[in-house]
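Next come the chains, spelled out residue by residue.
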Amino acid sequence: MVRAGQERCSAPYHEEVVVLVIDRVIALIALAVCSLVYWATLSYPPEVVAFPKFLLYVFGGLSVLIFIFPGQQKSYNFKKIFSKEKFLTIFLLIGYTIVFPIVGYFVTTFIFAIIYLWIFKRQGLGQYLIYSAIFSALMYLVFQKGLYVWFPEGLLL
Amino acid sequence: MGGTIFDVVCNVFQITNLLIAAGGVLTGIIFGGLPGFTASMGVAILLPITFGMDPATGLILLGALFAGAMYGGSVSAILINTPGTPSAAATVLDGHPMCKKGKAGEALREAVFASFLGGIFGVTVLLLFAPPLARISLMFGPPEYFLLAMFGLTIIATISEKAVFKGLLAGALGLLISTIGMDPLLGIPRFSMGFVNLLDGIQLIPAMIGLFSIPEVLNMIHLHKHPEETPTEELCPDFKNIKIGFPKLKQIIKFIPIYIRSSIIGTGVGMLPGAGGSIASFMAYNETKRVSKHPELFGTGISEGVAASESANNAMASGAMIPMLTLGIPGDSVAAIMMGGLMVHGLQPGAELFTSNGHIVYTFIISLYVANIFMLLFGTFFAPYFTLATKTPRHYLAVSVTLLTVMGSYALRGNMFDVYVMVVFGILGYLMKSHGFSVIPTVLGIILGPVAEAGLNNMIAISTGDNILFFLFQRPISLILIVLTLLSIAFPFYRRIRESRVAI
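Keep in mind it's a predicted model, so treat the numbers as computed, not measured.

Student: Can you tell me about the overall build of chain A, naming the residues and giving the values?
Tutor: Looking only at helices and strands, chain A features six helices and zero strands. Element order for chain A, N to C, with α for helix and β for strand: α-α-α-α-α-α. Per-residue burial over chain A gives 36% buried out of 157 residues. By sequence separation, contacts in chain A at least 24 residues apart represent 65% of the contacts at least 6 residues apart. For chain A, the exposed surface amounts to about 9,400 Å²; the carbon and sulfur share of it is 72%.

As structure tokens, then:
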């Protein structure tokens with residue numbers, strides 16, 4: 001049985017509603033951040049936070065405007081925005097930045113490059129090994145020998 | 001003065017600087033030719049390499065890279081139907097059809113020659129107009145600097161974005177981020193959340209590297225896993241037998257009006273904060289089509305279309321430097337990153353840059369002529385080979401860029417905290433871009449925040465007792481800036497109303 005108004009729940013209509021909801025959620029998050037920062041400004045002398053307060057009024061006002069007039073983006077593709085490979089990349093990057101100062105530049109960079117390449121295409125491990133060794137050495141030469149940037153040596157190298 | 005000119009020319013023609021310029025152009029062409037890599041990303045990840053260089057040499061590298069990238073985008077646009085940079089999108093319209101007709105060599109010749117002429121025109125305008133414009137900045141007081149920052153931010157947030165409120169919110173976010181750190185009036189730490197590293201505020205370079213590079217890396221990885229979402233790349237039939245050479249004098253003379261008109265459009269649009277290369281090249285393309293005797297041929301593969309688009313986007317590159325060097329308002333995202341590079345070397349845009357540090361800024365400007373000559377030579381002799389770079393597997397590119405972002409952020413102060421800042425801003429940039437927010441207003445907000453705050457504080461101090469609005473209305477430049485700011489906010493709404501009326 002076809003219910004009244006069911007035809008309105010077609011894909012484009014559904015997408016439109018999603019866009020409106022997401023934009024409003026973004027506006028609410030922005031307002032929450034704005035309130036939190038405003039609350040933080042109360043612990044400072046007024047002259048120190050005059051400019052941030054002025055900005056917070058503007059920020060809050062714009063958030064309210066986005067809440068009232070949402071739908072400034074055509075659609076959201078959540079599968080693309082929050083895809084598995086993107087999460088994995090961010091996770092690897094965070095892991096690398098945590099391990100890098102503890103273990104040391106060479107070992108971490110070499111291993112990170114191999115894991116990164118292997119995760120995204122499981123072929124040619126030999127090529128990956130050569131690439132990772134050359135890239136790590138090249139970066140070492142450019143930054144440490146050329147620009148005198150001393151990378152952390154860590155526990156290993 | 002004579003001595004200064006001689007010193008500048010000698011500096012530009014030092015063997016190190018010539019090699020740096022050639023290397024910058026070559027890297028830029030490769031970056032520009034790689035779909036998914038943008039000029040801003042290239043300049044952002046190579047900026048840390050300039051830290052250890054002499055300021056003039058560092059700027060030469062970045063300027064050459066920008067010029068190379070603007071041209072490089074056209075090579076992949078013509079040969080594989082995919083613009084390497086957004087600025088080359090208009091080049092695809094006639095460039096690739098020419099390629100399909102077996103005229104790839106002619107299209108590449110026109111692209112490099114038009115890019116060269118556009119670039120030379122833009123640099124000449126920069127050389128002639130930047131110094132007097134910089135002197136105008138001497139007439140600016142604290143209120144004008146505050147209003148100039150507001151104008152720069154509103155125009156960049158509204159002109160290029162369809163989502164006006166989101167653009168403005170992104171700009172306000174950048175300004176708010178700039179307030180983290182020591183307060184300039186009393187020296188009290190603000191919003192530093194107990195982190196000693198935040199007392200100096202958020203470092204601009206790691207923030208920019210994160211905002212510009214990490215979203216591109218994530219997209220690269222996504223496209224690597226989902227090749228069906230990649231635009232169709234169609235290689236030309238005569239790809240392996242392309243001969244470029246120099247254009248004939250008869251054709252150069254015939255195309256002179258196109259080169260001049262498009263270069264003027266490109267430079268003008270470049271000077272407008274936020275407009276960018278794609279707007280410049282499409283405007284020039286449309287204008288050339290409009291005045292042409294045979295507009296119906298545009299889009300079918302004619303040299304005029306390539307000439308218009310390429311002259312405009314290369315002229316835009318220098319045009320974007322004019323407001324950045326003179327007033328501290330970058331014309332586009334690359335100019336914003338280059339401004340960050342200036343600030344790292346302790347150089348402040350404005351009149352002083354052209355007086356106290358004249359030898360640096362003039363060396364940079366003159367080196368842009370050299371960069372354009374290198375671009376002409378590389379483009380003429382090696383263009384088809386640059387396309388081979390586009391065949392590099394995306395996962396190799398992604399890992400290289402990811403590692404470079406970490407090394408580059410660490411190189412600024414030898415501090416892991418800056419790397420964490422880069423990662424946080426990278427994630428923020430990705431979330432912003434995927435939800436319809438541009439990151440350019442945020443970067444501009446971080447750059448202009450201190451200028452705006454100092455301007456506002458000083459304005460309040462010197463307007464003792466007066467109503468601030470009344471005080472501002474008494475100052476002609478302030479009044480002009482207020483009107484321009486209001487117009488820049490109103491323009492997108494006017495455009496939308498006009499478009500909806502046309503649709504009806």
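Student: Could you give me a rundown of the interface of chain B and chain A, with the residues and numbers involved?
Tutor: If you look at the interface, chain B gives 60 residues, while chain A gives 61 residues. With both sides pooled, the region where chain B packs onto chain A buries about 5,500 Å², and carbon together with sulfur makes up 80% of that total. Across the contact surface, chain B and chain A share one salt bridge. Lys166 of chain B serves as the salt-bridge partner of Asp23 of chain A, at 3.0 Å between the closest nitrogen and oxygen. Among the secondary structure elements, those contributing two or more residues to the side of chain B that touches chain A are helix H8 (164–178), strand S2 (189–190), helix H9 (204–225), helix H17 (394–413), helix H18 (416–434) and helix H19 (440–462) of chain B. In terms of residue count, the dominant contributor to the side of chain B that touches chain A is H17 of chain B (13 residues). Split by residue class, the side of chain B that touches chain A holds 40 nonpolar, 14 polar and six charged.

Student: A description of the environment of Leu431 of chain B should follow, citing residues and the corresponding values.
Tutor: Looking at the element boundaries, Leu431 of chain B is found in helix H18. Residues Leu431 of chain B and Pro215 of chain B, 216 residues apart in the sequence, show an inter-C-alpha distance of 8.3 Å.

Student: Quick rundown of the environment of Met375 of chain B? Include the residues and the values.
Tutor: Residue and element names in this part refer to chain B. Assignment of secondary structure puts Met375 in helix H16 (residues 358–389). The exposure class of Met375 is buried, given its relative accessible area of 0%. Those residues within four positions of Met375 in sequence are excluded, and the remaining contacts are Val25, Ala67, Tyr71, Val112, Ser115, Phe116 and Asn314.

Student: Quick one: what's the story with unusual backbone geometry, residue by residue and with numbers?
Tutor: Residue and element names in this part refer to chain B. In this structure, Phe191 takes a positive phi of about 50° despite not being glycine. On the secondary structure map, Phe191 appears in the loop between S2 and H9. Relative accessible area serves as the criterion here: at 11%, Phe191 is assigned to the buried category. Phi at Met193 takes a positive value of approximately 50°, unusual for a residue other than glycine. Along the chain, Met193 falls in the loop between S2 and H9. You can call Met193 exposed: its relative accessible area is 63%.

Each value, and the rule that gives it
Residues numbered from 1 in each chain as written. Chains lettered and ligands numbered in written order. Predicted model: local features only at pLDDT ≥ 70, side-chain atom pairs only at ≥ 80, totals over all residues. Heavy atoms only, no water. Helix = DSSP H or I, 4+ residues; strand = E, 2+ residues; numbered from the N terminus. Buried < 20%, exposed > 50% of the residue type's maximum accessible area, 1.4 Å probe, protein only. Contact = heavy atoms within 4.5 Å. Areas by Shrake-Rupley, 256 points an atom, 1.4 Å probe, with all protein chains shown as cover. Buried area = accessible area lost by both parts, 1.4 Å probe. Salt bridge = Lys/Arg side-chain N within 4 Å of Asp/Glu carboxyl O. Nonpolar A, V, L, I, M, F, W, Y, C, P; charged D, E, K, R; others polar.

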